[in-house]
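The residues making up each chain are set out below.
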Amino acid sequence: MASKVKSTARSSAMSELPLNKIVQGSCVDVLNSLPEKSVDVIFADPPYNLQLKDDLHRPDNSKVDAVTDKWDQFSSFAAYDQFTNEWLEAARRVLKDTGTIWVIGSYHNIFRVGYSMQNIGFWVLNDIVWRKSNPMPNFKGTRFTNAHETMIWASKSENAKGFTFNYDAMKAMNDDTQMRSDWVLPICAGKERLQDDEGKKAHATQKPEALLYRVIMSSTKPGDVVLDPFFGSGTTGAVAKKLGRNFIGIERESRYIKVAQKRIDAINPLEDEVLGYTQGKRAAPRVPFGSLIERGMIKPGMVLKCSKGKYSAKVRTDGTLVSDDVKGSIHQVGAKVQGAPACNGWTFWHIENEGQMMSIDVFRQQVRADIN
């Protein structure tokens, strides 16, 4: 009964969400209007508060199109901190207990944002360094070239459990090598860079789709809700739609909403059959050995052997094995006959099939395929 009530509550919350829509307004106001604990992942690209004093020029004296928009300007660090605390509090309220949040920033703001996140209760899982393969040079020659930005990935609390991390999918994407916390990706340029009706940059800080692809693939599942409180040019929504996730965008500026909506409308979602991704063994449905007997795949009285035929055991009606005076599960008997501390019975025990030894794990995979 309890699970049915929870399921009904989830369905109700989903129906109240503006799924796959861009909501115009202040991020704090819109966040506070959404149902509590209703979104799976938040990706936030807040104002960086760049504190630019003068125009920037290239060596040929052409002006650099820098971030000079009013939305990135704050009267003081205290004003910026207050704004940061307000939107983070509102974001934490709508995030599910099993959800995570990503926040990206530069050296201008990310340390202040991280401080606020920890004070509010978020628990940092990783800091990801996005190393730009084609960064804008430092034209004044007074500092090192700013060639990276930092993303903080955090759970809702220190004791949060059940959040999504598709470790095996990330490993598969990285040629079967564990994905590291430094990501080398290019900045948004060329055809990907959106332009307005006058041929100018549609948004000063448009993020590349490759970055959001990795974020969404690593921390969400198909059908999850990804919320972006600073939607801008709509990169989060475009990638979410492509990957079969739901999105919610919050944006103040009408000019950005126009660009983002046009971009997202042109996206064709991927087909269901290609949305699958590599999952670890822990994510696979648990299949008891007894269920193979219930299905008639393994019959009571059948003799199981190790791959070399050295050890054998008979299957009993309740899914346990017996070998001489040793009785127990497929794992316990496998360990005892070998004198080993532990044993994976699924790979240890085999049946003889047309003169070949076949692992009983083949039957488990068949059951999992039926379940899925």
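Residues numbered from 1 in each chain as written. Predicted model: local features only at pLDDT ≥ 70, side-chain atom pairs only at ≥ 80, totals over all residues. Heavy atoms only, no water.

1. A look at unusual backbone geometry
Argument step 1. Here Asp 175, not a glycine, exhibits a phi torsion of approximately 55°, which is positive.
Argument step 2. For Asp 175, the location among the structural elements is in the loop between helix H5 (167–173) and strand S6 (182–185).
Argument step 3. The phi dihedral of Asp 324 is positive, around 55°, even though this residue is not glycine. (Helix = DSSP H or I, 4+ residues; strand = E, 2+ residues; numbered from the N terminus.)

2. Thoughts on the packing of helix H6 (residues 209–219) against helix H7 (residues 235–242)
Argument step 1. Where H6 meets H7, the axes come as close as 9 Å, and the angle between the chain directions of the two elements is 55°. By the criterion of interaxial angle, the relationship of H6 to H7 is oblique. As H6 runs across H7, the sense of the crossing is right-handed. In this structure, H6 contributes Glu 209, Leu 212, Tyr 213 and Ile 216 to the contact, and H7 contributes Thr 235, Thr 236, Ala 238, Val 239, Ala 240 and Lys 242.
Argument step 2. In terms of residue class, the contact of H6 with H7 is made up of six nonpolar, two polar and two charged. (Axes fitted to C-alpha atoms, helices over the stretch in contact; angles between N-to-C directions. Parallel < 35°, antiparallel > 145°, perpendicular 65-115°, else oblique. Left-handed = near helix turned anticlockwise from the far one by under 90°. Contact = heavy atoms within 4.5 Å. Nonpolar A, V, L, I, M, F, W, Y, C, P; charged D, E, K, R; others polar.)

3. Describing helix H12 (residues 361–371)
Argument step 1. Those residues of H12 lying buried are Asp 361, Phe 363, Arg 364, Val 367 and Arg 368. Taken end-on, H12 shows its buried residues confined to a sector of 155°, consistent with a single buried face. Along H12, exposed side chains directed more than 90 degrees from the buried face belong to Ala 369 and Asp 370.
Argument step 2. Those residues of H12 hidden inside the fold are in contact with helix H9 (289–294), helix H11 (345–348), strand S13 (349–353) and strand S14 (356–359). (Buried < 20%, exposed > 50% of the residue type's maximum accessible area, 1.4 Å probe, protein only. Arc of directions from axis to C-beta.)

4. Here's the deal with the state of the cysteines
Argument step 1. Applying the stated criterion across every chain yields a total of zero disulfides.
Argument step 2. No disulfide involves Cys 306; its sulfur sits 9.8 Å from that of Cys 343, the nearest cysteine.
Argument step 3. Residue class for Cys 306 comes out buried when judged on its relative accessible area of 5%. (Disulfide = S-S within 2.5 Å.)

5. Considering the sheet that holds strand S3 (residues 95–105)
Argument step 1. Reading across the sheet, the eight strands line up as S1-S8-S7-S2-S3-S5-S4-S6 and stay open at both edges, with mixed pairing between neighbours. Every interior strand has two partners, whereas the edge strands, strand S1 (21–24) and S6, have only one. Here the average twist between neighbouring strands, direction ignored, is 20°.
Argument step 2. Sitting on the sheet, H6 is in contact with strand S2 (39–44), S3, strand S4 (123–132), strand S5 (148–155) and S6, with an inclination near 140° to S6.
Argument step 3. Relative to the sheet, H7 contacts S2, strand S7 (225–228) and strand S8 (246–251), its axis offset from that of S8 by approximately 170°. (Pairing = 2+ DSSP bridges.)

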